There are 2 protein chains.
Amino acid sequence: SGNNRISYNSSASAFLHGSNYFFAVVYADLLPALDGDAKTMTFLQEVVDILLAYIVESFDRETKVIDFHYPNELLQLNNWELQHEPATLDDILISCRATLKYAIKTAHPRYFNQLSTGLDMVGLAADWLTSTANTNMFTYEVAPVFVLLEYVTLKKMREIIGWPEGRGDGIFSPGGAISNMYAMLLARFKMFPEVKEKGMSSVPRLVAFTSEHSHFSIKKGAAALGIGTESVICIKADECGKMIPADLERRILEAKQKGFVPFFVSATAGTTVYGAFDPLIAISDICKKYNIWMHVDGAWGGSLLMSRRHRWKLDGVERANSVTWNPHKMMSVPLQCSALLVREEGLMQNCNQMHACYLFQQDKQYDLSYDTGDKALQCGRHVDIFKLWLMWRAKGTIGFEAQIDRCLELSEYLYNKIKDRDGYEMVFDGKPQHTNVCFWYLPPGMRYIEDKDEKKKRLHKVAPVIKARMMEYGTTMVSYQPQGDKVNFFRMVISNPAATFEDIDFLIEEIERLGHDL
Amino acid sequence: SGNNRISYNSSASAFLHGSNYFFAVVYADLLPALDGDAKTMTFLQEVVDILLAYIVESFDRETKVIDFHYPNELLQLNNWELQHEPATLDDILISCRATLKYAIKTAHPRYFNQLSTGLDMVGLAADWLTSTANTNMFTYEVAPVFVLLEYVTLKKMREIIGWPEGRGDGIFSPGGAISNMYAMLLARFKMFPEVKEKGMSSVPRLVAFTSEHSHFSIKKGAAALGIGTESVICIKADECGKMIPADLERRILEAKQKGFVPFFVSATAGTTVYGAFDPLIAISDICKKYNIWMHVDGAWGGSLLMSRRHRWKLDGVERANSVTWNPHKMMSVPLQCSALLVREEGLMQNCNQMHACYLFQQDKQYDLSYDTGDKALQCGRHVDIFKLWLMWRAKGTIGFEAQIDRCLELSEYLYNKIKDRDGYEMVFDGKPQHTNVCFWYLPPGMRYIEDKDEKKKRLHKVAPVIKARMMEYGTTMVSYQPQGDKVNFFRMVISNPAATFEDIDFLIEEIERLGHDL
């Protein structure tokens, strides 16, 4: 057993300064230095010990989620400047400790701030291995195993979407925004392949459609691709945040009457703020009728496909031409891990390839279809697959399902607990479809203000103050934002597998403790 | 001291199957499980032991660079399929060992295949820490230290470029291709800010210029941005691969006469194949004269700015509007680490921002200029800064300089050794400016063929066969490609800090050993 090697030291005084073994050792003593083996092992083990102590501490509810400091303070708290001369490895270890001391503990059971929270131990191990392998996804030649695992995993994801025999294409990209932009790029190329050579001046005015609650990356993509943000038409959403199909059809017809060419509809499966799922079947009928590429932005909600209990929320996803699905969100795969899945084979290659002869030599000894680099806009591409693949092995499909179901159970618990509680108001009616629970907390002194404008004005300031206090105390972190005419409200999301019912109870108490005097 | 914790086991038989401690332990026993601490520590330590053994082995010249298998073979060599049920942690450890067994050893002193080679021990430690912190660069709130370190490091890089007091802007992006695309996006926005809202239909036909030897990402970017590959005009390069400024000016005038609007020149500092540096001063004069954005693609050559001996090759870089510089190449920072540096402050934000209110709340308690997410097309952004920053601390500026100078010295050694050697022909005359050494190897039986076409035809097949044999023996890896009318030649590049003069000698002997019978 490896038990004798456990040695973690989380006492506060010893944290910044560990042993002094490295005070005279410098990077030049490490591998590839001759006889650098022993020093390298000792140095890396020392770093690992720091990391292991940090991990154990991160899961401990008694520690802070963050030891927060303002930027100008943090700049003073350590010497972060880059120097002309090398530091000792002892100084390097101190820098590692300092970096972690002031970092967010994203593994902490009470860290709810983003759609990506938590730290999976198998995923982490896989990411350490990925760093150690230090290679690039562009060719089979330099990443044989990773390229195969990407192939295996993308096929599995397409099967889960419901495409026959998992056929189709796909790629892991650096985040959902880029995956969505790739989808838009493919849609444009599919309709007007000449755009690749001749640019937008060769095509009519294109328009894209997405709901007013969709992610801002759709507009960013349109701006980048030379389509322009004004050509992204925002479709009305109902009060729960779902796109209204009738409004989509109306706006498509309107655009066509103006002589514009509708080419892309991005439906959202799991909106960022409300967690709403657009009605995919109705949207796909409209896309089919008008011959428009249907994309599903499932960056946040796509993972519900892994759950037999919740996948109905994405019914119709198999009719999409492309799907964004970020395992780094609801499946807790370490950052980053975002997939774009595409129904048509070969399109990505045709759309993006430039045949760089120094990379994709045509006379290699192996099957060139495994050289995936020319499918993407990136040349080099980070290995994002191994952490997802290894976690999938470790959990099985049913393990991911259980983890996702559990997060949804927790959010339902939160919703049930606050929906009729004194001082809480829900931002929209009805049980949330994803783990997003959106609500206002009204401090006692604000509950009976008659003047509606005055009340709104004061309520707008509540969430930012509570949030700032959460960070100063370091007890928990939740996000807030305004939306449309709705003043600042909390958006609680649960993707953290470490969270429990008690943590939800704690969150409510903490909001009330930090906000009751406002 | 941590010496007692060294325990690496690289014997072949023990490699795939280590201890059996984990045969009954599954992921659900690890953190966040109650009392999961000890099992988690033991599991992670077991993974680390596998990684440490792999690292030591990787630097050993007696081991293979790769244990190569064809894709269909590799698929059979292990069970890579994803299952419904969880595996044991013992199986997870076996998967880790199998993955590394068939991986490329990128740390190997004889791995020369890409512009990114080698494995830096401090960079690796930093990447392990980054994975453990598992956060996102979009806001200060969730990555306080990393955001500050990015700020500090980008400023230092701008100082090294030569911009007054390091002023300007920048971002780390997922690779040089994306950095180059960002530059093109900024150039277009600077000249026609309305393009963001109105798209390409609101602007005249734009044209970009780059040398015929430049990286294919310039064309990929133009295709994506709706400019079109035909609007990227390839400027002639001289026989050493440098852009000919007179041809640039001629083509700019030609484009203007046609009514097109030149908006972007991408000069290359270190071309991919020849390692050529375009004459930046002459190009900047032309850009200034015609009011065109000057970008320098220094993905490969930018790191020479760290060397007092070699930085003259980039003289004039301080006149550029933007510079791509990939520390993951010549500075051996683990993949990925690519910076785009921009001279004008605020432009990136204006070009890309969409003001997502759920992420970039305007009423946060801290200075919002540290929320960098809206500068990029990405929403979430991987932490690529820490490994560069920590390596810089460990080496100092002078350590990077020494490492770069050393690689250039090795390539000069190779050049001097083969330029007059029997059976070698250089692809271009003169000492290479970067570490790229491009050459043909002519097996003895091919040296006296009179028929030039026949000779070319046979020579074209030599490099692919030698390369395939290198991979089958696993002794070394070098890249080859054709270029223009030049048949397949070897492109040796040296960015691997583990390489020595003896490894260069070995490479030459190995090419001759594997190719003499052809």
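Residues numbered from 1 in each chain as written. Chains lettered and ligands numbered in written order. Predicted model: local features only at pLDDT ≥ 70, side-chain atom pairs only at ≥ 80, totals over all residues. Heavy atoms only, no water.

Draft legend 1. Expanded view of the overall build of chain A. Along chain A, the regular secondary structure elements total 16 helices and 11 strands. Overall size of chain A, expressed as C-alpha extent along the three principal axes, is 75 × 75 × 45 Å. Scored against the burial criterion, the 518 residues of chain A give a buried share of 68%. Across chain A, every contact between residues at least 6 apart in sequence was considered, and the portion connecting residues at least 24 apart equals 72%. By element, 50% of the accessible surface of chain A is carried by carbon and sulfur atoms, the whole surface being about 16900 Å². (Helix = DSSP H or I, 4+ residues; strand = E, 2+ residues; numbered from the N terminus. Buried < 20%, exposed > 50% of the residue type's maximum accessible area, 1.4 Å probe, protein only. Contact = heavy atoms within 4.5 Å. Areas by Shrake-Rupley, 256 points an atom, 1.4 Å probe, with all protein chains shown as cover.)

Draft legend 2. Structural view of the interface of chain A and chain B. Taken together, the contacts link 168 residues of chain A with 167 residues of chain B. Across the chain A to chain B interface the summed buried area is about 14800 Å²; carbon plus sulfur atoms make up 65%. In this structure, the connection of chain A to chain B is made through eight salt bridges. At the boundary of chain A and chain B, one finds 68 residue pairs in polar contact (both at pLDDT 80 or more). No other element matches the 17 residues that helix α2 (residues 37–58) of chain A contributes to the side of chain A that touches chain B. For the side of chain A that touches chain B, the residue count by class is 94 nonpolar, 46 polar and 28 charged. (Buried area = accessible area lost by both parts, 1.4 Å probe. Salt bridge = Lys/Arg side-chain N within 4 Å of Asp/Glu carboxyl O. Polar contact = N/O pair within 3.5 Å; in protein donor to acceptor, adjacent residues only side chain to side chain. Nonpolar A, V, L, I, M, F, W, Y, C, P; charged D, E, K, R; others polar.)

Draft legend 3. Focus on the domain arrangement of chain A. Per the domain assignment, the segments making up chain A are domain 1 (3–105) and domain 2 (134–195 + 202–351). Measuring from the centre of the C-alpha atoms in domain 1 of chain A to the corresponding centre in domain 2 of chain A gives 41 Å. (Domains from an automatic or database assignment.)

Draft legend 4. Expanded view of the environment of A:Trp80. Inspection of the secondary structure assignment puts A:Trp80 in the loop between α3 (71–77) and α4 (89–101). It is 8.3 Å that separates the C-alpha atoms of A:Trp80 and A:Ser95, two residues lying 15 residues apart in sequence. Those residues in contact with A:Trp80, other than ones at most four positions away along the chain, are A:Leu74, A:Leu75, A:Ala98, A:Thr99, A:Tyr102, B:Val145, B:Leu149, B:Val152, B:Trp389 and B:Arg393. For A:Trp80, the side chain forms a polar contact with the main-chain oxygen of A:Leu74, separated by 2.8 Å.

Draft legend 5. Spatial organisation of unusual backbone geometry. All names here are of chain A. Cis geometry is found at the peptide bond from Leu335 to Gln336, where omega equals -10 degrees. At Asn291, a residue that is not glycine, the phi angle is positive and equals roughly 60 degrees. Checked against the element boundaries, Asn291 lands in the loop between α11 (280–290) and β5 (293–298).

Draft legend 6. Highlighting the pairing of strand β10 (residues 479–483) of chain A. All names here are of chain A. Counting buried positions along β10 yields four of five residues, so the element is predominantly enclosed. When β10 meets strand β11 (residues 486–492), the two strands line up antiparallel, connected through four bridges. Bridging across to β11, Gln483 finds its partner in Lys486. In this antiparallel pair of consecutive strands, β10 and β11, the connection spans two residues, and Gly484 shows a positive phi of 55 degrees. (Pairing = 2+ DSSP bridges.)

Draft legend 7. Layout of the packing of aromatic side chains. In total, this model carries 39 aromatic pairs over all chains according to the counting rule given. Aromatic rings pair up to connect A:Phe68, A:Tyr70, B:Tyr140, B:Tyr151, B:Tyr366 and B:Tyr370 into one cluster. The positively charged end of B:Arg110 is found above the aromatic ring belonging to B:Phe506, 3.8 Å away from the centroid. Taking the ring centre of B:Tyr473 as reference, the NZ or CZ of B:Arg513 above it sits at 4.6 Å. (Phe/Tyr/Trp six-rings, centres within 6.5 Å; stacked < 30°, edge-to-face > 60°. Lys NZ or Arg CZ within 6 Å of the ring centre and 35° of its normal.)

Draft legend 8. Looking closely at the sheet that holds strand β8 (residues 424–426) of chain A. Residue and element names in this part refer to chain A. Ordered by their spatial adjacency, four strands build an open sheet running β8-β9-β11-β10, and the pairing between neighbours is antiparallel. The outermost strands of the open sheet, each flanked by one partner alone, are β8 and β10. Here the strands of the sheet are splayed against their neighbours by 40 degrees on average, with no regard to which way each runs. Relative to strand β9 (residues 437–441), β8 is paired through three bridges, and the arrangement is antiparallel. Bridge pairing in β9 places Met426 opposite Phe439. Its contacts with the sheet put helix α16 (residues 501–515) on β8, β9 and β11, and the angle it makes with β9 is roughly 30 degrees. (Axes fitted to C-alpha atoms, helices over the stretch in contact; angles between N-to-C directions.)

Draft legend 9. Quick look at the confidence of the model for chain A. Counting all residues, the mean pLDDT for chain A is 94, and 96% of those residues have values of 70 or more. Low pLDDT, under 50, characterises residues 1–15 of chain A; the stretch is placed with 22 contacts to residues that sit more than four places away or in other chains. (pLDDT = per-residue confidence, 0-100.)

Draft legend 10. How the structure looks around the side chain of A:Thr153. In this fold, A:Thr153 is placed in helix α6 (residues 144–161). Aside from chain neighbours lying at most four places away, what touches A:Thr153 is A:Phe172, A:Ile385, A:Leu388, A:Trp389, A:Trp392 and B:Leu82.

Draft legend 11. α16(A), seen in detail. All names here are of chain A. Across its 15 residues, α16 extends 21 Å between first and last C-alpha, which sits within 8% of the 21 Å expected from 1.5 Å per residue. Three or more residues of α16 are buried, namely Asp503, Ile504, Asp505, Phe506, Leu507, Ile508, Glu510, Ile511, Leu514 and Gly515. Elements that come into contact with the buried residues of α16 comprise α13 (385–418), β8, β9, α15 (462–473) and β11. (Expected span 1.5 Å × (residues − 1).)

Draft legend 12. Representation of the relation of the copies chain A and chain B within the structure. Mapping chain A onto chain B calls for a screw motion: a turn of 180 degrees about the axis and a shift of 0.0 Å along it, with 0.0 Å RMSD after fitting. In the structure described here, the two chain copies are related by an operation that fits a two-fold rotation axis. Across chain A, the smallest distance between a C-alpha and the rotation axis is recorded for A:Leu225, namely 2.0 Å. Most of the interface of chain A is mirrored in chain B: 99% of its interface residues are interface residues there too. (Least-squares fit on C-alpha atoms with pLDDT ≥ 70 in both.)

Draft legend 13. Region of the structure containing the packing of helix α10 (residues 245–257) of chain A against α11(A). All names here are of chain A. At a closest axis distance of 9 Å, the pairing of α10 and α11 adopts a crossing angle of 20 degrees. One element, α10, and the other, α11, form an angle in the roughly parallel class. Like other packed secondary-structure pairs, α10 and α11 cross with a definite hand, here right-handed. Along the contact surface, α10 presents Pro245, Leu248, Glu249, Ile252, Leu253 and Lys256, while α11 presents Ala282, Ile283, Ile286, Lys289 and Tyr290. Residues that form the contact of α10 with α11 fall into these classes: eight nonpolar, no polar and three charged. (Parallel < 35°, antiparallel > 145°, perpendicular 65-115°, else oblique. Left-handed = near helix turned anticlockwise from the far one by under 90°.)

Draft legend 14. Representation of the pattern of salt bridges. Counted under the stated rule, the structure contains 62 salt bridges over all chains. A salt bridge links A:Glu254 to A:Arg251, with the shortest nitrogen-to-oxygen separation between them at 3.2 Å. With A:Glu254 and A:Arg251 both in helix α10 and three residues apart, the pair spans about one turn of that helix. Classification of A:Glu254 as partly exposed rests on a relative accessible area of 28%. By relative accessible area, A:Arg251 is classed as partly exposed at 21%. Where B:Lys101 meets B:Asp67, a salt bridge forms, and the shortest distance between an N and an O atom there is 3.3 Å. Highlighted residues: B:Lys101 in helix α4 (residues 89–101) and B:Asp67 in the loop between α2 (37–58) and α3 (71–76), separated in sequence by 34 residues.

Draft legend 15. Layout of the packing of helix α5 (residues 121–133) of chain A against α13(A). Residues and elements named next belong to chain A. Look at α5 against α13: their axes get within 8 Å of each other, and the N-to-C directions meet at 140 degrees. Taken together, α5 and α13 sit at an angle that is classed as oblique. Like other packed secondary-structure pairs, α5 and α13 cross with a definite hand, here right-handed. Here α5 contributes Val122, Gly123, Ala126, Asp127, Leu129 and Thr130 to the contact with α13, which in turn contributes Phe386, Lys387, Leu390, Met391 and Ala394.

Draft legend 16. Highlighting the UniProt feature "modified residue: N6-(pyridoxal phosphate)lysine" (unreviewed entry) in chain A. Residues and elements named next belong to chain A. In the numbering used here, UniProt assigns the feature "modified residue: N6-(pyridoxal phosphate)lysine" (unreviewed entry) to Lys329. Within the fold, Lys329 resides in the loop between β6 (322–325) and β7 (338–342). Taking relative accessible area as the criterion, Lys329 reaches 14% and is therefore assigned buried. The contacts of Lys329, once residues within four sequence positions are left out, are Leu115, Ser116, Ala299, Trp300 and Ser495. (UniProt positions renumbered as here; feature names shortened; annotations may be inferred.)

Draft legend 17. Quick peek at α2(A). Look at α2(A): 31 Å from first C-alpha to last across 22 residues, which is about the 32 Å you get at 1.5 Å a residue. Counted residue by residue, α2(A) has 18 buried out of 22 residues, so it is predominantly covered.

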